[in-house]
Amino acid sequence: SDTRRNEREPIIPPNAARVNYKRNYLYNTQQNLSYLFLPRSPYRIIRGVDIFLQQVANGLTLGSIYALVALGYTLVYGILGLINFAHGEVVMVGALTALAASKFLLAAALPPYLVFTLAFLLAALVCMALSVIIERIAYRPLRNAPRLAPLITAIGVSIILQQLAMMLWGRS
């Protein structure tokens, strides 16, 4: 009763509709390309502009963060004369502090604008205090040391901050 010719060929019921996958693929590809190049309704145009504006806002936000980190590197190198490899980790601690503070404050049912303001201020204070502590403990004693010693110390402080952040906030 089995009408298969070999074991690899699937059993197809006699009343099953045959689907032309190649034709459907080409049709879907044409639809997708026409969506990109020939929008058919004003909604698609508005949706495309909306996505474009959202990506512009995302790019400006990310670029601003990169600019702040680069400005911090430049200021630290200009004043102390050493590359602070822990600078990125200080920014990470600030971001994680703001996230933890905002979760706590949102659970307290505060308005979002107040949550954002308080989380930002707390993160700035934590970053400032952490930077002062790092400079006093790790970098100040090495002011007159050879150039390699502060560089190795900066890498060590970076590793310590990464491990402390994983211990406090977890890996995920």
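Read on for a plain summary of the structure. (Residues numbered from 1 in each chain as written. Predicted model: local features only at pLDDT ≥ 70, side-chain atom pairs only at ≥ 80, totals over all residues. Heavy atoms only, no water.)

Let us now look at the packing of aromatic side chains. Overall, the coordinates contain one aromatic pair when judged by the stated rule. Consider the rings of Phe 116 and Phe 120, whose centres lie 6.5 Å apart with planes at 20°: the pair is stacked. Residue Phe 116 and its partner Phe 120 are both found in helix H4 (residues 112–139); the two are separated by four residues, about one turn of the helix. Neither residue differs from the other here; Phe 116 and Phe 120 are each classed as exposed. (Phe/Tyr/Trp six-rings, centres within 6.5 Å; stacked < 30°, edge-to-face > 60°. Helix = DSSP H or I, 4+ residues; strand = E, 2+ residues; numbered from the N terminus. Buried < 20%, exposed > 50% of the residue type's maximum accessible area, 1.4 Å probe, protein only.)

The subject of this paragraph is the packing of helix H3 (residues 87–107) against helix H5 (residues 148–169). In the contact formed by H3 and H5, the axes pass within 9 Å of each other and the chain directions differ by 15°. Classified by the interaxial angle, the pair formed by H3 and H5 is roughly parallel. Of the two elements, H3 crosses H5, and the hand of that crossing is left-handed. Contacts between H3 and H5 involve Glu 89, Val 90, Met 92, Val 93, Leu 96, Thr 97 and Ala 100 from the former and Ser 158, Leu 161, Gln 162, Ala 165 and Trp 169 from the latter. (Axes fitted to C-alpha atoms, helices over the stretch in contact; angles between N-to-C directions. Parallel < 35°, antiparallel > 145°, perpendicular 65-115°, else oblique. Left-handed = near helix turned anticlockwise from the far one by under 90°. Contact = heavy atoms within 4.5 Å.)

Considering the arrangement of structural elements, one finds Asn 84 in the loop between helix H2 (42–80) and H3. Among the polar contacts listed, one links the side chain of Asn 84 to the side chain of Tyr 139, at a separation of 2.6 Å. (Polar contact = N/O pair within 3.5 Å; in protein donor to acceptor, adjacent residues only side chain to side chain.)

This part takes up unusual backbone geometry. The phi dihedral of Ala 109 is positive, around 65°, even though this residue is not glycine. With respect to the element layout, Ala 109 can be found in the loop between H3 and H4.

Grouped together as the largest cluster of nonpolar side chains are twelve residues: Leu 82, Ala 86, Val 90, Val 93, Cys 127, Leu 130, Ile 134, Ala 138, Tyr 139, Ala 154, Val 157 and Leu 161. Looking at this core, the elements that each hand over two or more residues are H3, H4 and H5. Among the elements that take part in this core, H4 stands out by supplying five residues, more than any other. Those residues in contact with Ala 86 that lie beyond four places of it in its chain are Tyr 139, Ala 154, Val 157, Ser 158 and Leu 161. (Core = buried A, V, L, I, M, F, W, Y, C linked by side-chain atoms within 4.5 Å.)

Attention now goes to the side chain of His 87. Tracing the backbone through its elements, the reader meets His 87 in helix H3. What makes His 87 buried here is its relative accessible area of 14%. Every residue in contact with His 87, bar those within four places of it in the chain, is listed here: Val 69, Gly 72 and Tyr 73.

Let us now look at the pattern of salt bridges. The tally for this structure, following the rule as stated, stands at two salt bridges. Residue Glu 135 is joined to Arg 140 by a salt bridge in which the shortest nitrogen-to-oxygen separation is 3.5 Å. For Glu 135, a relative accessible area of 15% puts it in the buried group. A residue is classified by how much of its surface remains accessible, and Arg 140, at 38% relative accessible area, is partly exposed. In this structure, a network of salt bridges that share partners links the residues Glu 135, Arg 140 and Arg 143. (Salt bridge = Lys/Arg side-chain N within 4 Å of Asp/Glu carboxyl O.)

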